[in-house]
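Here is what each chain is made of, one letter per residue.
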Amino acid sequence: MILSSLAPAALAVVAAAALLRPGRRPKPIPALAEITSLLAFALTIGGTVQFALDGPVSEGPLRLSMIGAVMAPLVGFIGWIVLRYSRTYLDGAEREGRFHGLMLLVLALVLLLVQAGSLWLLAGSMIAIGLVLRQLLLFYPDRAPAQRAATKFTRVWAAGDVALVVAASLLWTAFGTADITAINAAAKAGSAPALAGVAVGFLVLAALLKTAAFPLHGWLTEVMEAPTPVSALLHAGIINSGGFLLITFAWVVQGSTASMAALVLLGGLTALFGALVMLTQSAVKTALAWSTVAQMGFMLLQCGLGLWPLALLHIVAHSLYKAHAFLSSGGAVAAVKAVRRPGAVATPGLAAVARAFLLALALYAVVAVGFTLIWGPKSPQALALGAILVFGVAYLVAQGLADAAPRALTRRTMTASAAATLAYFGFQSLAILVVNGALPGVPDAGPLEWALIALTVLSFGVVAVAQALFPHWAHHPAAAGLRVHVANGFYLNAAFDRLIGGFRA
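Fair warning: this is a prediction, and the values are worked out from it, not measured in the lab.

1. Describing the overall build of the chain
Step number 1: The secondary structure content of the chain amounts to 21 helices and two strands.
Step number 2: For a compact globule of 505 residues, the expected C-alpha radius of gyration is about 23 Å, and the chain comes in at 23 Å, within 12% of that figure.
Step number 3: Taken along the three principal axes of its C-alpha coordinates, the chain extends 65 × 55 × 45 Å.
Step number 4: In the chain, buried positions account for 52% of the 505 residues.
Step number 5: A separation of at least 24 residues holds for 81% of the contacts in the chain among residues at least 6 apart in sequence.
Step number 6: Just so you have it, the chain exposes about 21,200 Å², and 69% of that area is on carbon and sulfur atoms.
Step number 7: Averaging the coordinates of the 29 positive side-chain charges in the chain and doing the same for the 15 negative ones gives two points 10 Å apart.

As structure tokens, then:
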């Protein structure tokens, strides 16, 4: 018996009890919800221990693979933290019992999803998650913004469900089985039928819709009307389902060059777009929502480059960070208000920015050579992704090298650059060690891959330089006007509202 397979059942039983007592302070439901979520977390850890000792385990339509052994404890931990927070946050709410029931139910469904061994269980879990999550987004049903956000979420998520069902049907037809392990094994052996390429296209479409990729990202930035625990669970867990789909079928997806290229282009565009808009937001939760858009784009980019272990690591890191960020956002706002802000310490000029980027890249090259000598050669895709991360750190280094910067700031920014570089290669090596061949290796870089790598690195580099130099032209009237357009996401969300009649929803 897979211990982690017991977790969804335990959560579902308590969810049913909570839904039977939907009102205010339904003792002992809040306490029981927290205890059950902690039990589920313990069971998922037990399942991971089973996997470490015995390898992949199957039980009916459920299967605990390497991906499930990583994802199930992550989901269990996030779920327990969110339920624990909800116990206080929702205390005395009018429909408190219903809220706990829905939260437990969606948590059970996500645990089913990450342990699904069958195409049909995977697709069914995904569809059910959307239905339950819609009810949570409408926890305050009289609010027009909540209705609009729920309407857009439902339409985008349902479109992803349709794409997933089509992909599952095509994979079943192509491989003659609904067993996910058998499908990946056939693709790994190089015996994937031509129809599998069409299935991958629909699978990638489903992943793009589930991760709120550009240009259908608007619903994710509007779900703040739901209670904070819902936002935390959505942004820290459920939004990762698109990336989970791609990683689950990594052997099949990597066989389609066109789909991999699409992931690089759309993922990179989503990451850049979300990061730019995030910098213009004044509300902390809205900024966090745009941060999620950017992070999901970056994760899609990693999948498109064939860096599957790093994509899985990204999901884990993003989930932990975003859950903490949402649940602590109120305290963070209070802390910032209490701090006396002295203003900018230093504004780097063009020369300082150039030195910073050259220095950061030189340091990156030295560390890369060191890890290559120890761990072996690094793929062009991995080196390109590391360079993109270093671009972000180079912005800090530029401030440290500005003429007005104190030496302490210079030392700290240089230390941050070195730490980021070491952490990237260190965690990359660790992720590859944990995966241990369960996911495909990085594909060989052909002309198309080299062109995409060059375009991606150049795009992120240009944006990073522009961000570093922004203080020099921020007060120009044209910059002020541009900031308004960027803050509104170039009005793509408003266009989507009009398209679906969302203003009347």
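2. Remarks on the packing of aromatic side chains
Step number 1: Inspection of every chain in the model, using the stated rule, returns 12 aromatic pairs.
Step number 2: Ring geometry for F99 versus F139: centroids 5.3 Å apart, planes at 75°, classification edge-to-face. You can see F99 sitting in helix α4 (residues 96-114) and its partner F139 sitting in the loop between α5 (119-137) and α6 (144-175), a full 40 residues away along the chain.
Step number 3: Looking at F139, the relative accessible area reads 6%, which means it is buried.
Step number 4: A connected cluster of aromatic rings, assembled from ring pairs, spans F41, F77 and W80.
Step number 5: It is R95 that lies over the ring of F139; its NZ or CZ is 5.1 Å from the centre.
Step number 6: In this arrangement the basic side chain of R143 is found over the ring face of Y140, its NZ or CZ atom lying 4.2 Å from the centre.

3. A few points about the side chain of S86
Step number 1: Within the secondary structure layout, S86 lies in helix α3 (residues 66-89).
Step number 2: The exposure class assigned to S86 is buried, which follows from its relative accessible area of 0%.
Step number 3: Aside from chain neighbours lying at most four places away, what touches S86 is D91, F99, H100, M103 and P229.

Analysis parameters
- Residues numbered from 1 in each chain as written.
- Predicted model: local features only at pLDDT ≥ 70, side-chain atom pairs only at ≥ 80, totals over all residues.
- Heavy atoms only, no water.
- Helix = DSSP H or I, 4+ residues; strand = E, 2+ residues; numbered from the N terminus.
- Rg over C-alpha atoms; globule rule 2.2 N^0.38 Å.
- Buried < 20%, exposed > 50% of the residue type's maximum accessible area, 1.4 Å probe, protein only.
- Contact = heavy atoms within 4.5 Å.
- Areas by Shrake-Rupley, 256 points an atom, 1.4 Å probe, with all protein chains shown as cover.
- Lys, Arg positive; Asp, Glu negative; His and termini not counted.
- Charge placed at Lys NZ, Arg CZ, Asp CG, Glu CD.
- Phe/Tyr/Trp six-rings, centres within 6.5 Å; stacked < 30°, edge-to-face > 60°.
- Lys NZ or Arg CZ within 6 Å of the ring centre and 35° of its normal.

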